[in-house]
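The residues making up each chain are set out below.
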Amino acid sequence: MRLYATVAAGGFRRHATYRMATAAGLFTNTVFGFILAYTYMALWDERPHLGGYDMADALAYVWIGQGLIAVCGMMGGGFEDELIERIRTGDISVDLYRPADLQAWWFSANAGRCAFQLLGRGVVPMAVGALAFDFRLPSRPSTWLAFLLAIALGATVSFAIWYLVAMSAFWLMDGQGVVQVAWLGGLFFSGMLLPLNVFPGALGEVARMLPWASMLQIPADVYLERYEGWGLLGAYGFQICWAVALLLAGRLAQSLATRKVVVQGG
């Protein structure tokens, strides 16, 4: 465990060194937050209580999304390109022979990245949004803890998805096609463009059952206190089930990849 804690700390320090990139991302998130906020205001003026949200809920949703876009990797996990490159060049064979679990190693490194992104690009956009707009704030202090747990589970689901995406490079000439598909899926089905609650009919039902809902829709609804008691446990259960299923799928892919490397190496 000490090894993986060290890897996580290293992941935090690594991303903390990219100060200009963090500042640029922070600026971009804030600008797009304003654009989306005014777009949502126009939409909710025409359709009050759309998706069960009032105006204050909708504005909070916008800034939660801007705060979590890098934390939960809705447009990229932040590590898959590096892992795909190591697979493409064959350097991954060295990683597989190390006395450390490949999935746990990358999970730990990504956890450090997520922690930094939450502090570096998550808090400030939400604070700016709270100052500029009248959006909903939790009525109970305990909601903030529940919100942080939902974020952690959402980030875990995100890691599991992007790890599977990276593992696909073992069997494809280039993993970038899968990356693009996952990028589009994360952007649309996480609720980044519009809350999944406003998706009509069967599309909305399917979208809310997909793993990407764990990244934004569920954390946002936890923040907005739409889950209480058993409902909150059910929301966490949804995230945990997807996290476990996807992590196990990633471990299976890793096992098959290791066997392939051993056979080719032999």
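You'll find the structure just up there.
Below is a short write-up of the structure. (Residues numbered from 1 in each chain as written. Predicted model: local features only at pLDDT ≥ 70, side-chain atom pairs only at ≥ 80, totals over all residues. Heavy atoms only, no water.)

Structural notes on the packing of helix α4 (residues 80-89) against helix α7 (residues 141-167)
Consideration 1: Contact pair α4 / α7: the axes reach a minimum separation of 9 Å and the direction vectors enclose 25°. On the basis of the axis angle, α4 is roughly parallel to α7. Crossing of α4 over α7 shows right-handed handedness. Across the interface between the two elements, E80, L83, I84 and I87 from α4 touch W162, Y163, A166 and M167 from α7. (Axes fitted to C-alpha atoms, helices over the stretch in contact; angles between N-to-C directions. Helix = DSSP H or I, 4+ residues; strand = E, 2+ residues; numbered from the N terminus. Parallel < 35°, antiparallel > 145°, perpendicular 65-115°, else oblique. Left-handed = near helix turned anticlockwise from the far one by under 90°. Contact = heavy atoms within 4.5 Å.)

Comments concerning the packing of helix α1 (residues 2-16) against helix α6 (residues 102-132)
Consideration 1: At a minimum axis separation of 7 Å, α1 and α6 run at an interaxial angle of 40°. Taken together, α1 and α6 sit at an angle that is classed as oblique. Our pair here, α1 against α6, has a crossing hand that is right-handed. Listed contacts from α6 to L3, Y4, V7, A8, G11, F12, H15 and A16 of α1 are A104, W105, S108, A109, G112, R113, A115, F116, Q117 and L119.
Consideration 2: Broken down by class, the residue content of the contact of α1 with α6 amounts to 12 nonpolar, five polar and one charged. (Nonpolar A, V, L, I, M, F, W, Y, C, P; charged D, E, K, R; others polar.)

A few points about helix α3 (residues 55-68)
Consideration 1: Here α3 spans 20 Å end to end across 14 residues, near enough to the 20 Å set by a 1.5 Å rise per residue.
Consideration 2: The buried fraction of α3 is high, at 13 of 14 residues.
Consideration 3: Capping the start of α3, D54 holds a side-chain oxygen 3.2 Å from the backbone nitrogen of A56, two or three residues further along. (Expected span 1.5 Å × (residues − 1). Buried < 20%, exposed > 50% of the residue type's maximum accessible area, 1.4 Å probe, protein only. Polar contact = N/O pair within 3.5 Å; in protein donor to acceptor, adjacent residues only side chain to side chain.)

A short note on the environment of L194
Consideration 1: Turning to its location among the elements, L194 is positioned in the loop between α8 (176-189) and α9 (201-209).
Consideration 2: Judged by relative accessible area, L194 falls into the partly exposed class, the value being 31%.
Consideration 3: When the C-alpha atoms of L194 and G51 are compared, they prove to be 9.9 Å apart, with 143 residues separating the residues in sequence.

Focus: the environment of G78
Consideration 1: Mapped onto the fold, G78 is located in the loop between α3 and α4.
Consideration 2: A relative accessible area of 52% places G78 in the exposed class.
Consideration 3: Linking G78 and W162, residues 84 residues apart in sequence, is a C-alpha distance of 8.8 Å.

A look at the side chain of D57
Consideration 1: Mapped onto the secondary structure, D57 falls in helix α3.
Consideration 2: D57 sits in the buried class, given a relative accessible area of 11%.
Consideration 3: Engagement of the side chain of D57 in a polar contact is seen with the side chain of R136, the distance being 2.9 Å.
Consideration 4: Setting aside anything within four residues of it in sequence, one finds D57 in contact with G52, R136 and L224.

Re the pattern of salt bridges
Consideration 1: Following the criterion strictly, the structure yields seven salt bridges and no others.
Consideration 2: Note that R136 and D54 form a salt bridge whose closest N and O atoms lie 2.3 Å from each other. Here R136 is found in the loop between α6 and α7, whereas its partner D54 is found in the loop between α2 (19-46) and α3, with 82 residues between them in sequence.
Consideration 3: Shared partners join several salt bridges into a network, and the residues in it are D54, D57 and R136. (Salt bridge = Lys/Arg side-chain N within 4 Å of Asp/Glu carboxyl O.)

Considerations on the nonpolar core
Consideration 1: If you look at the biggest cluster of nonpolar residues, it comprises 71 residues, and the most contacted ones within it are I64, L68, M74, L83, M167, L216 and Y223.
Consideration 2: The contact partners of M74, leaving out residues within four places of it in the chain, are G65, L68, I69, W183, G186, L187, S190, M192, M215 and L216. (Core = buried A, V, L, I, M, F, W, Y, C linked by side-chain atoms within 4.5 Å.)

Some remarks on the state of the cysteines
Consideration 1: Per the stated rule, a full pass over the model turns up zero disulfides.
Consideration 2: Note on C72: no disulfide assigned, nearest cysteine sulfur contributed by C114 at a separation of 6.9 Å.
Consideration 3: In this structure C241 is not part of a disulfide, and its nearest cysteine sulfur, from C72, lies 18 Å away. (Disulfide = S-S within 2.5 Å.)

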